[in-house]
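Listed here are the chains, written in short residue letters.
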Amino acid sequence: MNFEFSAEQLQLRDTARRFLADKCPPAAARAVLDGKVDHDAALWQGLAEMGFLGVTIPEAYGGLGLGHLELCVLAEEMGRTLAPVPFSSSVYLATELLLSAGSETQKQHWLPRLASGSAIGTLAHAEATGAVSNGSLTTHLEHGRLYGQKLPVPDGEIADFAVVTAQEGDDLSLFLLDLSGAGVTREAVSTIDPSRRHARIAFSGASAEPLGERGNAIAQISAVQDRAAVLFAFEQLGGADRALEMARDYALERKAFGRQIGSFQAIKHLLANMYVAATLARSNCYYGAWALSTEAPELPVAAASARISATQAYQLCAKDAIEVHGGMGFTWEFDCHLHYRRSNLLALALGSLSLWEDRLIDALRQSQAA
Amino acid sequence: MNFEFSAEQLQLRDTARRFLADKCPPAAARAVLDGKVDHDAALWQGLAEMGFLGVTIPEAYGGLGLGHLELCVLAEEMGRTLAPVPFSSSVYLATELLLSAGSETQKQHWLPRLASGSAIGTLAHAEATGAVSNGSLTTHLEHGRLYGQKLPVPDGEIADFAVVTAQEGDDLSLFLLDLSGAGVTREAVSTIDPSRRHARIAFSGASAEPLGERGNAIAQISAVQDRAAVLFAFEQLGGADRALEMARDYALERKAFGRQIGSFQAIKHLLANMYVAATLARSNCYYGAWALSTEAPELPVAAASARISATQAYQLCAKDAIEVHGGMGFTWEFDCHLHYRRSNLLALALGSLSLWEDRLIDALRQSQAA
Amino acid sequence: MNFDDTPEQSAFRARVRTWLDANAPKHLEPELRSAIGTGISGLKSVDPIEAAKAWQARKASAGYACPSWPREFGGGGHSAIERVIWQQEEGIFAQLSGIFSLGHGMCGPTLMAWANEEQKQRFIPPMVTGEEIWCQLFSEPCAGSDLAGLRTRAELAPDGSGDWIINGQKIWTSAAHVADHGLLIARSDPAVAKHKGLTMFFLDMKSPGVEVRPIRQANGHNGFNEVYFTDVRIPDAQRLGAPGQGWEVSLTTLMNERMTIGATIVTGFDQIFSLVCAMEGENGPLVEDRAVRSKLASWAVRDSGLKYTSMRAISAIARGEIPGPENSIGKLVAASLHQEIATFALDLQGEAGILTNPDLSAAKGQFQAMIMRSPAMRIEGGTDEILRNIIAERVLGLPGDIRVDKNVPFNQIEG
Amino acid sequence: MNFDDTPEQSAFRARVRTWLDANAPKHLEPELRSAIGTGISGLKSVDPIEAAKAWQARKASAGYACPSWPREFGGGGHSAIERVIWQQEEGIFAQLSGIFSLGHGMCGPTLMAWANEEQKQRFIPPMVTGEEIWCQLFSEPCAGSDLAGLRTRAELAPDGSGDWIINGQKIWTSAAHVADHGLLIARSDPAVAKHKGLTMFFLDMKSPGVEVRPIRQANGHNGFNEVYFTDVRIPDAQRLGAPGQGWEVSLTTLMNERMTIGATIVTGFDQIFSLVCAMEGENGPLVEDRAVRSKLASWAVRDSGLKYTSMRAISAIARGEIPGPENSIGKLVAASLHQEIATFALDLQGEAGILTNPDLSAAKGQFQAMIMRSPAMRIEGGTDEILRNIIAERVLGLPGDIRVDKNVPFNQIEG
């Protein structure tokens, strides 16, 4: 058994970590948070040049043709550094959807652009409060054109194309849509984490091409969500680890009552609990990575476990990192709130924790029945 | 506003506390736990002599004719001292049911006996795992006689009579039953807290008389459960406070690493959390006491709040008292496990926490709608 | 046991209600309500400072500003229970007066205890009427939970005037940007143990050398300030207590912690209960979802537990007693509850839970504001950890933490 | 990343399986399974000690008793990953050998590190085969978490023989009532600091002056003993390490903490999942109840988190590395999980949840046994609090607690 990343994968991590330490300091996320830019375009270009945007895209389409374990390694580093780029939208969602459901023409058109970073893709799925089920969408196809509204769409302002879920008669289908076309209007929306932009996109007769088997969007989305859940979980894990490190470092540095605050059991045990949560999340994430990379039938269980565990760990570490920092942790100047914001943003990125709890129990029952 | 017990009630508490400190040391509960006796008969007689068994019974029936606030005060002391007597069965349940639903004949027969302790009453309701709903009972009336089985029945072995819920056609009714009569067999059952005995009672054509309006048992039981919930909550509160005290005292006495263990933040904060839980429970219990004693329409909300809060507090204090005591806390010799057992027993005495959570939310919605 | 007013209390409550009916700025109520639990007044239609001063002045004219302070200083001369009744009735409008809370809760009582008659006559009445705003200059960047670790220096002026020269930095000073006066604690003798070398002063916030800089908080609000002191001169007459007695003076102040008794503790429970009663899930109303109910129930009993704990304190006040230590649990319980509830409320909203725009977000974005505010609740006015220590030590009688800085001269403590 | 054996590992596993198929006492399996998580072997149909010795002897004959110990002492001479594979395959039957666990986990490694050749040849082989049982005499009534606070005295015999005379009391000694030998740490010099004055010995448990008394635990079981020493004589040859070096020797022992890696950590999740899948609630199967699901999900990810943390450790062993510190979280997480799950399982059973009789109770009373056992899990082998300290200090590098007993002669420490 080898339940660890390979030497090459760990080397990729080191490379990514060095690259991001240099190109993606907290100031990068702050620039987007402050509204100066809508994403870090230079970083995006740098990631493309490193080949990171096309890591799972076959070489024939301009990618590196590596596997999902490599992508997991990168996702963790993105999370650590709060990378303010559309990596998750473009790589975990749009690329995955094209790879699994795209026609040869669609792949040839978009995959090379995704790999080079010259196109950004996203998934436009949620429409309002609550989970999406068949029949609940307002976005629909009428005479071959799309009408409706999606909210929130991650990176919806800056994406070049979106995969859109829409009602087609009684069924849901996926459509691929050039967002610069006619009948599309988009506007930024404010969120709890402005360092990753989201948009409202309205369709009023936009032209769209089907992506994959029609009428099968529920299953397609569910499959891509399982895959993306593992990748988001690695991002969350990276964030959790970084928040824990920041808190640990501050506890060693800050003194009160004549001693390091990290010598008080109240602080030590808060940090120990953060470590426990992050360790459980890491182990669940590794299981998810294994299931994702081997296309194992255990993926639904593994993905939901990684997702839930990493959501809990990042939320815990980010909120208690503020607590360890005391008043300073609640200033704009300290970076704690960047992780607190991001932890709450990512917790909802693929639907709520409650939704994933349900998915986990359903999957566990199915695996027991099997 | 006066949200505190009166001076007379506090005096009653002091009296009860002194009496129980003398007559009900932990050895009393241990004698029942070890199976030497089935309840502490001398203590029971002493409680009767103090008038405590008939505190809410009108003087005309041989009681003290006091109110439920006085009973709350006594219940707390019973909980503190783990009193191994059928107080809850006889006083919170049987007496309450007779007072609210009994015919004059029934009252005249049983209430004086209950007050003097010469008769013990109980409620036989549960039949198996899960909550009781209309149609779910196997115990039923057939040609005026009772058939079926009740499990577990608190104090079922030693009770002289029981109020029994039974299916009567499509409805549920209450019946009053002399347990020494023909057609009744009872046997002790083992539970997590043998210091309070429980039984299985089988009816095979036992004769029974109706108690109160026929076909209305669901409402009658629900009402008496609300009332008893407040009283059980006070018992739990007394237990929680005592477990906290034991843990605090041990933390002051026991030394490790050259200092009192109570000087370590890990132990201090464990105890602080126990105090918080016990304080929240106390305040909710007082609200319950007010609602109970004034027959306020808020009783369903107040009773469920007191019940949930006190269940949580006692379970927390009892389990963490063991933790504070370390290995010694898990010995038979130390009294910690008596409270741990009792806390888990009382948590289920009127049905599960989940059931009371549901009752609370339903009651809150009704009070909002009103 | 009853919730009833005595006839006197009932008459007082009726007078208060009548007065409030006629005088409270009811048009501001919706704005004030929308901001519950978010740490701001919520006022956008009017200037919050203007509105605060106007409401304070109006209350003062009727004896309801600082209701239990002596009449000679402009207070209402009411009893403690009447003050509680006032707070209950004032309700949401109390949020208008947040800017005065530290002055009324801490600076005023300190002046009453330690200032001379003339100073009291000069400074307390305008504090009551809201004409002058006070701030409290205690915390420092390196002295938060460990307040006695403060480093701001107070040195006797070399000119022999007896004046003191202040140098250093304070932080977390609310209202400093609008304050007229400040209560300041500083280190006058670094060569003695940390609690021994402190002295208390009050000063004019317009004094030369005082510089106030707003602190931007993590949620983007500016609720607090840093205050820098560069050779600020304070006359010796504005010293409160003896040199070196500052810690003792500060304890008088801290004992007078803002009386939240009678005021509503915001846990977020009412808000989430309304949300789940209004929201539909996939399988019907969310309040029918058993997972939601189970969480709601455990929050409900913590919320009601706090509410009735507060009632027990009020009851003690009504009996002329001082409330017991049980009231110390309020903020500790409320802060975590607030954070848990806000987090769950976002989760209930699914992917749309991230939206902060009131027009797009369920419940007008109040839970999003709450989640961004909640980490501060667990810190301000004593962190969770300090509060648990206080409960353990002062209520349960457990030993204090081992102190490595005890009896060590301040200038020899490491760090 | 894969879960596959190498060809060598696969061959070893196949051999182990074949051997277990032919040799494991399968008829005991139901009894062993019914006792999972309750802290006892569960054996009633046979004598547990006899069964333990028989199974141990059989394993020893095939080289599977102490699989990674050197062959010269009767071990299997297998690699660390082979030992893990053995443990995985032995599974539930390992529960039979509980009586040997401290001998094999601690006493054996200590003898190998500190005893002389002759002693190793004499004592280790019968420890492997189960012919002789060992116990570990470390904890004392006043020295639990603070092991170095122990008071049992070791004094040189006044007769000049060089023998040591032991007086004092040990506690929490499992297997003491059936043990042939014991590993004992005692204080040989009370005039030096607490960690400095200790010495390690081994002794014959049948020595005059040794008295073993069983401790009745809170759940009614007798898993542990007290051991009293009254003028017990130990030859100096049975000293391990130098006088005063006992703490150092004990660390060797404690470093060899029982390798639970590869063995199953019992959290109770599998049991509660089976229960809720089988049970019907008022509104259908309990597993469909959203409140149940939400709790299940949060337990499932802690359970799987532990499982895969253990896989990461095994993976390190397979690479020839030493597992990282992440494995230290196992017991801490499992113990609370166990208590939470058992409490909830009783709640699900309603009023009948109190019943312990296997014939009357859902799931044969296993959750009732579990709830009565679970408080001990949070204490034995390091309390939750000690484990959090260890994680904070050894893994995260935070400072140790302030020590007031450091460098103080033991006989001058208060208490």
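As the structure is a computational prediction, the values presented were derived from the model and not from experiment.

**Some details on the interface of chain D and chain A**
1) Next: Counting residues at the interface gives 49 residues for chain D and 44 residues for chain A.
2) Next: The contact between chain D and chain A buries some 4200 Å² in all, and 65% of this surface belongs to carbon and sulfur atoms.
3) Next: Inspection of the chain D/chain A interface yields six salt bridges.
4) Next: For D:Arg290, the salt bridge identified is with A:Asp358, shortest N-O distance 3.4 Å.
5) Next: For the pair chain D and chain A, the interface holds 22 residue pairs in polar contact (both at pLDDT 80 or more).
6) Next: Elements with a minimum of two residues in the side of chain D that touches chain A: helix H8 (269-278), helix H9 (290-318), helix H10 (330-348) and helix H12 (384-395) of chain D.
7) Next: Looking at which element gives the most residues to the side of chain D that touches chain A, the answer is H9(D), with 19 residues.
8) Next: For the side of chain D that touches chain A, the class distribution of residues is 25 nonpolar, eleven polar and 13 charged.

**Examining the nonpolar core**
1) Next: Ranked by size, the top nonpolar core spans 422 residues in total, and within it C:Ile272 and D:Ile272 carry the most contacts.
2) Next: Sequence-distant contacts of C:Ile272, defined by excluding residues within four places in its chain, comprise C:Leu296, C:Trp299, C:Ile341, C:Phe344, C:Ala345, C:Leu348 and C:Phe367.

**Some words on unusual backbone geometry**
Residues and elements named next belong to chain A.
1) Next: Along the chain, Leu-151 connects to Pro-152 via a cis peptide bond; the corresponding omega equals -10°.
2) Next: With respect to the helices, strands and loops of the structure, Pro-152 is situated in strand E3 (residues 145-154).
3) Next: Of note, the phi angle at His-143 is positive, near 50°, even though the residue is not glycine.

**As for the environment of D:Leu348**
1) Next: Positionally, D:Leu348 belongs in helix H10.
2) Next: Through-space distance from the C-alpha of D:Leu348 to that of D:Leu286 is 8.8 Å; in sequence the pair is 62 residues apart.

**A look at the packing of aromatic side chains**
1) Next: Tallying each qualifying case throughout the model produces 60 aromatic pairs over all chains.
2) Next: Each ring, one from D:Trp19 and one from D:Tyr64, has its centre 5.2 Å from the other, and the planes form 70°; the classification is edge-to-face. With D:Trp19 in helix H1 (residues 7-23) and D:Tyr64 in the loop between helix H3 (48-61) and helix H4 (80-90), this pair connects stretches of sequence that are 45 residues apart. D:Tyr64 matches D:Trp19 in its accessibility class, with the two residues each being buried.
3) Next: Among the aromatic side chains, those forming a connected cluster through ring pairs are A:Phe3, A:Phe5, A:Phe234, A:Tyr286, A:Tyr287, A:Trp290, D:Phe3 and D:Tyr308.

**Examining the interface of chain B and chain C**
1) Next: Counting residues at the interface gives 44 residues for chain B, matched by 50 residues for chain C.
2) Next: Linking chain B with chain C are six salt bridges.
3) Next: Here chain B and chain C share 22 residue pairs in polar contact (both at pLDDT 80 or more) between them.
4) Next: Those elements that place two or more of their residues in the side of chain B that touches chain C are helix H7 (217-253), strand E10 (259-260), helix H8 (265-294), helix H9 (299-325) and helix H11 (353-369) of chain B.
5) Next: The biggest single contributor to the side of chain B that touches chain C is H8(B), with 17 residues.
6) Next: The residue inventory of the side of chain B that touches chain C, partitioned by class, reads 20 nonpolar, 15 polar and nine charged.

**Remarks on the pattern of salt bridges**
1) Next: For the structure on display, the rule yields 102 salt bridges over all chains.
2) Next: One salt bridge connects B:Asp193 with B:Arg342, and the closest N-O pair in it is separated by 2.7 Å. Residue B:Asp193 is found in the loop between strand E6 (184-189) and strand E7 (198-207), and its partner B:Arg342 is found in helix H10 (residues 336-346); the two are separated by 149 residues along the sequence. Side by side, B:Asp193 and B:Arg342 carry an identical accessibility label, which is buried.
3) Next: One connected set of salt bridges, linked through shared partners, spans A:Asp358, A:Asp362, A:Arg365, C:Asp289, D:Glu288, D:Arg290 and D:Arg293.

**Digging into the domain arrangement of chain C**
How big an interface is tends to be stated in terms of the accessible area lost upon association of its parts.
All names here are of chain C.
1) Next: For chain C, the assigned domains are domain 1 (7-129), domain 2 (134-246) and domain 3 (265-382).
2) Next: Distance between the C-alpha centres of domain 1 and domain 2: 26 Å.
3) Next: Taken residue by residue, the interface counts 16 residues in domain 1 and 16 residues in domain 2.
4) Next: Carbon and sulfur atoms supply 72% of the area that domain 1 and domain 2 bury against each other, a total of about 1400 Å² over both sides.
5) Next: Broken down residue by residue, the surface that domain 1 buries against domain 2 is led by Cys-107, Trp-114 and Phe-123, which jointly contribute 32%.
6) Next: Joining domain 1 to domain 2, the criterion identifies zero salt bridges.

**Things to note about the layout of surface pockets**
1) Next: Roughly 880 Å³ of internal volume is contained in the second largest pocket.
2) Next: Along the wall of the second largest pocket there are 36 residues; nearest its centre are D:Lys44, D:Thr356, D:Pro358, D:Gly365 and D:Ala369.
3) Next: Of all the secondary-structure elements, those providing two or more residues to the lining of the second largest pocket are helix H2 (26-33) and E6 of chain B together with helix H2 (29-34) and helix H11 (366-377) of chain D.
4) Next: The greatest single-element share of the lining of the second largest pocket, amounting to five residues, is contributed by H11(D).
5) Next: When its residues are assigned to classes, the lining of the second largest pocket shows 13 nonpolar, 14 polar and nine charged.

**Structural notes on the environment of A:His140**
Residues and elements named next belong to chain A.
1) Next: Summarising the element assignment, His-140 is placed in strand E2 (residues 140-142).
2) Next: Spatially, the C-alpha atom of His-140 lies 9.8 Å from that of Val-164, the residues being 24 residues apart in sequence.
3) Next: Beyond its immediate stretch of four places on either side in the chain, His-140 contacts Arg-145, Leu-146, Tyr-147, Ala-166 and Gln-167.
4) Next: A distance of 2.7 Å separates a polar side-chain atom of His-140 from the backbone oxygen of Thr-138.
5) Next: Of the polar contacts made by the side chain of His-140, one reaches the side chain of Glu-142; its length is 2.9 Å.

Cut-offs used in this document
- Residues numbered from 1 in each chain as written.
- Chains lettered and ligands numbered in written order.
- Predicted model: local features only at pLDDT ≥ 70, side-chain atom pairs only at ≥ 80, totals over all residues.
- Heavy atoms only, no water.
- Contact = heavy atoms within 4.5 Å.
- Buried area = accessible area lost by both parts, 1.4 Å probe.
- Salt bridge = Lys/Arg side-chain N within 4 Å of Asp/Glu carboxyl O.
- Polar contact = N/O pair within 3.5 Å; in protein donor to acceptor, adjacent residues only side chain to side chain.
- Helix = DSSP H or I, 4+ residues; strand = E, 2+ residues; numbered from the N terminus.
- Nonpolar A, V, L, I, M, F, W, Y, C, P; charged D, E, K, R; others polar.
- Core = buried A, V, L, I, M, F, W, Y, C linked by side-chain atoms within 4.5 Å.
- Buried < 20%, exposed > 50% of the residue type's maximum accessible area, 1.4 Å probe, protein only.
- Phe/Tyr/Trp six-rings, centres within 6.5 Å; stacked < 30°, edge-to-face > 60°.
- Domains from an automatic or database assignment.
- 1 Å grid on protein atoms, 1.4 Å probe; cavity = no way out; pocket = protein on both sides within 12 Å on 5 of 7 lines; lining within 4 Å.
- Points joined across faces, edges and corners; volume = space filled by probe spheres on them.

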